[in-house]
Amino acid sequence: MLQVIITGILLGGLYSMIGVGMSLVFGIMGLTNLAHGDLMILGTYLALVVTRAAGLPLIVAVLVSVAVMCVLGFVIQQFLVNKVMDKGDAPALLVTFGLSIFLSNLMLKIFSADNQSIPNVLTQTNVITTDKLTVSAGYLVAFIVACVIIIGLTVFMQKTNYGRAIRATSDDAMAAELMGVNTKMAYAVAMVICMGITAVAGVLVGSTFTFYPSSGTQYLIIAFGVVVIGGMGSLFGTLIGGIILGVAQLLGGFIFGSGVQMLIAYIVLLVILATRPNGLFAGAARK
């Protein structure tokens, strides 16, 4: 049981990394990005190409993937999403849905439907190995990275001029514009940050699990669950939501069998939604 709980907590760190980009975009723009999972898998494939085709170290692959995804995020926000933001929620949602379909089919065409994984020594290394407990270095690194990124984002949003401009835009876009804030650029900066984090999450996922061009839908559901549990727009809530989902999944598999572990996790999600419809940390959203 101790092994299951600790592994679930560490897995929750990885899940929070998957969801934090979606939480950030929703908290600032009020947009549910349906292409989030496919964009993350695209970042995973970029890292795979760098490590396998170019033979470069994983850290270089992370930097390349982050750089490319940040540029792509800026392009998507400036030339797709910003064009329809003023027309209501539905057009922007449809844009991200269409982008999701395009990306999944593009990756299928380029990379085929074969399963892939990013070579990583961390997944084959344990930092703790005893008779009763084993801690994977890969899971531990993912948890630490998630904590560092969430703390760093919180400091950025609270202490920097760009962060304050983004928060002002999320609270009241019209008032922010009257105060001289370029709200379209604020949205673009937020999307760039989101895509950088999503790229890191994609590398962590690809280093831990196998993935396919169609894996984006699976991770979109996980991200949605994490964000809904924690409270849409709450960064700290995303971390707690990931931990709850990870522990629920592994405890469910431990008690009822591995075949129903995700079912148990989503039952917990439904219970939380029934009791706290806005998530556990709804009051911290957009902050």
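Parameters at a glance
Residues numbered from 1 in each chain as written. Predicted model: local features only at pLDDT ≥ 70, side-chain atom pairs only at ≥ 80, totals over all residues. Heavy atoms only, no water. Helix = DSSP H or I, 4+ residues; strand = E, 2+ residues; numbered from the N terminus. Rg over C-alpha atoms; globule rule 2.2 N^0.38 Å. Buried < 20%, exposed > 50% of the residue type's maximum accessible area, 1.4 Å probe, protein only. Contact = heavy atoms within 4.5 Å. Areas by Shrake-Rupley, 256 points an atom, 1.4 Å probe, with all protein chains shown as cover. Lys, Arg positive; Asp, Glu negative; His and termini not counted. Charge placed at Lys NZ, Arg CZ, Asp CG, Glu CD. Expected span 1.5 Å × (residues − 1). Axes fitted to C-alpha atoms, helices over the stretch in contact; angles between N-to-C directions. Parallel < 35°, antiparallel > 145°, perpendicular 65-115°, else oblique. Left-handed = near helix turned anticlockwise from the far one by under 90°. Nonpolar A, V, L, I, M, F, W, Y, C, P; charged D, E, K, R; others polar. Disulfide = S-S within 2.5 Å. Polar contact = N/O pair within 3.5 Å; in protein donor to acceptor, adjacent residues only side chain to side chain. Core = buried A, V, L, I, M, F, W, Y, C linked by side-chain atoms within 4.5 Å.

Visitor: I keep staring at the overall build of the protein and nothing clicks. Help me out?
Guide: A count of helical and extended segments in the protein gives 11 helices and 2 strands. Counting helices and strands in the order they occur from the N terminus, the protein gives α-α-α-α-β-β-α-α-α-α-α-α-α. Taking 2.2 N^0.38 as the reference for a compact globule, 287 residues should give roughly 19 Å; the C-alpha atoms of the protein span a radius of gyration of 19 Å, in line with that estimate. With respect to the principal axes defined by its C-alpha atoms, the protein has extents near 65 × 50 × 35 Å. Counting only residues that meet the buried cut, the protein has 48% of its 287 residues in that class. Residue pairs at least 24 apart in sequence account for 76% of intrachain contacts in the protein once pairs closer than 6 positions are excluded. Counting every atom, the protein has about 13,100 Å² of accessible surface; 70% of that belongs to carbon and sulfur. The average position of the 12 basic charges and that of the 8 acidic charges among the side chains of the protein differ by 5 Å.

Visitor: Explain helix 4 (residues 89-111) here, please?
Guide: Owing to its 3.6 residues per turn, the α-helix aligns residues three or four sequence positions apart on the same side. Under the 1.5 Å per step criterion, the end-to-end length of helix 4 is 33 Å for 23 residues, consistent within 8% with the ideal 33 Å. For helix 4, the set of buried residues is Ala 92, Thr 96, Leu 99, Ser 100, Leu 103, Ser 104 and Met 107. Against the buried residues of helix 4 lie helix 2 (36-52) and helix 3 (58-84). The positive-phi residue at the C-terminal boundary of helix 4 is Ser 112, with phi of around 70 degrees.

Visitor: Quick question: what am I supposed to make of the packing of helix 2 against helix 3 here?
Guide: When two helices pack together, their arrangement is given by the angle between the helix axes and the distance between those axes. Across the interface, helix 2 lies against helix 3 with an axial gap of 8 Å and an inter-helix angle of 140 degrees. Here helix 3 runs oblique to helix 2, going by the angle between their axes. Taken as a pair, helix 2 and helix 3 cross one another with a handedness that is right-handed. For the pair formed by helix 2 and helix 3, the contact residues are Leu 39, Leu 42, Gly 43, Leu 46, Ala 47, Val 50 and Thr 51 on the first element and Leu 58, Ala 61, Val 64, Ser 65, Val 68, Met 69, Leu 72 and Ile 76 on the second. In terms of residue class, the contact of helix 2 with helix 3 is made up of 12 nonpolar, 3 polar and no charged.

Visitor: Help me understand the state of the cysteines in this model?
Guide: A disulfide bridge is the covalent bond that connects two cysteines by way of their sulfur atoms. Within this structure, the stated rule accounts for 0 disulfides. The thiol of Cys 70 is unpaired, and the distance to the nearest cysteine sulfur, on Cys 194, comes to 9.6 Å. The closest cysteine sulfur to the non-disulfide-bonded Cys 147 is located on Cys 194, 19 Å from its own sulfur.

Visitor: How should I be thinking about the side chain of Thr 51 in this particular structure?
Guide: On the secondary structure map, Thr 51 appears in helix 2. Only 3.0 Å separates the side chain of Thr 51 from the backbone oxygen of Leu 48, close enough to count as a polar contact. In contact with Thr 51, other than residues within four places in its own chain, are Leu 56, Pro 57, Leu 58, Ala 61, Ile 118 and Pro 119.

Visitor: Could you clarify how one ought to interpret unusual backbone geometry in this entry?
Guide: Glycine aside, negative phi is the norm for most residues, and most peptide bonds take the trans geometry. Positive phi is not limited to glycine here, since Ser 112 has a value of about 70 degrees. Its place among the elements puts Ser 112 in the loop between helix 4 and strand 1 (126-129). Note on Ser 112: relative accessible area 31%, which makes it partly exposed.

Visitor: Before we go on, may I ask you to explain the nonpolar core in this structure?
Guide: Side chains of nonpolar character tend, in soluble globular proteins, to be buried together. Met 17, Ile 18, Ile 28 and Met 29 are the most contacted members of the largest nonpolar core, which has 78 residues in total. Element by element, the count of residues in this core is highest for helix 8 (residues 183-208), at 14 residues. Among all residues touching Met 29, those that are not within four sequence positions of it are Gln 77, Met 85, Tyr 187 and Met 191.

Visitor: Sorry, what's going on with the packing of helix 5 (residues 137-159) against helix 8 here?
Guide: With their axes 11 Å apart at the nearest point, helix 5 and helix 8 run at an angle of 175 degrees to one another. Taken together, helix 5 and helix 8 sit at an angle that is classed as roughly antiparallel. Between helix 5 and helix 8, the residues in contact are Tyr 139, Ala 142, Val 145, Ile 149, Leu 153 and Phe 156 and Ile 193, Ile 197, Val 200, Leu 204 and Thr 208, respectively. Residue classes in the contact of helix 5 with helix 8 are distributed as 10 nonpolar, 1 polar and no charged.

Visitor: Where do I start with the side chain of Thr 7 in this structure?
Guide: Mapped onto the fold, Thr 7 is located in helix 1 (residues 2-29). Among the polar contacts made by the side chain of Thr 7, one reaches the main-chain carbonyl oxygen of Gln 3 at a distance of 2.8 Å. Excluding its chain neighbours within four sequence positions, the residues that come into contact with Thr 7 are Thr 134, Tyr 139 and Leu 250.

Visitor: Is there a simple way to explain the environment of Ile 151 in this structure?
Guide: Position of Ile 151 relative to the elements: it lies in helix 5. Overall, the relative accessible area of 54% leaves Ile 151 in the exposed class. On a C-alpha basis, the gap between Ile 151 and Val 200 in space is 15 Å, while along the polypeptide they are 49 residues apart.

Visitor: Any chance you could explain the environment of Ile 150 here in plain terms?
Guide: Of note, Ile 150 is situated in helix 5. By relative accessible area, which is 6% here, Ile 150 ends up buried. Here the alpha-carbon distance between Ile 150 and Thr 129, two residues 21 residues apart in the chain, equals 29 Å. If sequence neighbours within four positions are ignored, Ile 150 has contacts with Ser 16, Val 20, Leu 235, Phe 236 and Leu 239.

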